[in-house]
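A closer look at the structure
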Amino acid sequence: MTMAPVDPSAPYDRDNIFAKILRGELPCTKVYEDEHALAFEDIHPQAPVHVLVVPKGEYVSWDDFSAKASADEIAGYMRAVGKVARELGLVESGYRMIANIGPDSGQLVPHLHVHLCGGTNLGRMIPA
Ligand code: AMP
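Positions within a chain are numbered from 1, following the residues in the order the chain's sequence is written. The predicted nature of this model means local features are confined to residues of pLDDT at least 70 and side-chain atom pairs, given and counted, to a pLDDT of 80 or more, with totals for whole chains, interfaces and linings taken over all residues. Side-chain measures were taken over the full set of non-hydrogen atoms in the model, leaving aside hydrogen atoms and water.

The way it works is that DSSP assigns letters per residue, a run of H or I at least four long becomes a helix, a run of E at least two long becomes a strand, and they are numbered from the N terminus. A count of helices and strands for the protein chain gives three helices and five strands. Put simply, the protein chain runs from its N terminus to its C terminus through helices and strands in the order α-β-β-β-α-α-β-β. The contact criterion used throughout is that any non-hydrogen atoms of two residues lie within 4.5 Å. Counted over contacts in the protein chain with a minimum sequence separation of 6, partners at least 24 positions apart contribute 56%. Each accessible area is a Shrake-Rupley estimate made with a 1.4 Å probe; only the visible protein chains count as cover when residues are assessed. For the protein chain, the computed accessible surface area is about 7700 Å², with 53% contributed by carbon and sulfur atoms. This count recognises Lys and Arg as positive and Asp and Glu as negative, with His and chain-terminal groups excluded. Charged groups are reduced to one reference atom each: NZ for lysine, CZ for arginine, CG for aspartic acid, CD for glutamic acid. Charge-centre separation for the protein chain: the mean point of 11 positive side chains lies 3 Å from the mean point of 17 negative side chains.

Quick look at the structure:
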């Protein structure tokens, strides 16, 4: 994927890939959807299970979301992430949640997303 790292000070870009997926303009392999969140398979999986969970609102990052989203949106999104992990059967074996935020993280898509990865032993949290 040739994309520039996310600029955290830039306004929300309605043409980002996940915005297009949320509007149904681009396809995705949907795993879960409710009022607050959509979950779909990552197109370049890094683990046997690799699902992205995105809030439906227009938020670039965790910083943006935690500062501006309503209590309902925050609760709904958090519950959705937990529900998706449960429905994917990851709770017993364990899993990793990754949210890349801003340049040092390598965030490429400027719409908040949590990666849910599992299905194998994931090794060190941050590879050396
Ligand atoms: P990040 O670096 O956290 O912004 O990760 C963005 C993720 O989005 C990467 O893991 C990509 O593989 C994934 N991705 C990009 N385009 C798509 C797409 N059209 N459908 C599903 N996943 C995508």
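The subject of this paragraph is the site of the ligand. Any residue with a heavy atom positioned within 4 Å of a molecule or strand is treated as near that molecule or strand. Every one of the 17 residues lining the ligand counts as a neighbour, but Asp42, Asn100, Leu108, His113 and His115 are closest to it. A distance of 3.0 Å separates an oxygen atom of the ligand from a polar backbone atom of Val109. Side-chain polar atom of His115 to an oxygen atom of the ligand: 2.8 Å apart, as the coordinates give it. Surface burial for the ligand is 89%, taken as the share of its 510 Å² of free accessible area covered by protein chains. Because more than half of its atoms lie within 2 Å of the grid, the ligand is assigned to the largest pocket. Put simply, the parts of the chain that give the shell around the ligand at least two residues each are helix H1 (17–22) and strand E2 (37–41). No other element matches H1, which puts three residues into the shell around the ligand. Residue composition of the shell around the ligand, by class: nine nonpolar, six polar and two charged. Throughout this description, a polar contact denotes any pair of N or O atoms lying within 3.5 Å of each other; where both atoms belong to protein, one of them has to be capable of donating a hydrogen while the other can accept it, and for residues adjacent in sequence the pair is counted only when both atoms sit in side chains. Grid points spaced at 1 Å over the protein atoms alone were grouped into cavities, where a 1.4 Å probe fits but cannot get out, and pockets, open sets with protein on both sides within 12 Å along at least five of seven lines, with lining residues defined by an atom within 4 Å of a point. Any molecule with more than half of its atoms within 2 Å of a cavity's or pocket's grid points is counted as sitting in it. Residues are grouped as follows: nonpolar covers Ala, Val, Leu, Ile, Met, Phe, Trp, Tyr, Cys and Pro; charged covers Asp, Glu, Lys and Arg; every other residue, Gly included, is treated as polar.

A word on the layout of surface pockets. Grid points are joined across faces, edges and corners, and a volume is the space filled by probe spheres set on the points. Taken as a whole, the largest pocket spans an internal volume of roughly 880 Å³. If you go around the largest pocket, you meet 33 residues; those closest to its centre are Asp42, His44, His50, Leu52 and His115. Here the lining of the largest pocket is built from residues that sort into 19 nonpolar, ten polar and four charged.

Now for the environment of Ala37. Within the element layout of this structure, Ala37 appears in strand E2. Between the C-alpha atoms of Ala37 and Pro27, which are ten residues apart in sequence, the distance is 16 Å. Apart from the residues lying within four places of it in its own chain, the contact partners of Ala37 are Tyr32, Val53, Val54, Pro55, Lys56, Tyr77 and Ala80.

Let's shift gears to the environment of Arg79. With respect to the helices, strands and loops of the structure, Arg79 is situated in helix H3 (residues 71–87). Considered as a pair, Arg79 and Ala37 are 42 residues apart in the sequence and their alpha carbons are 9.3 Å apart.

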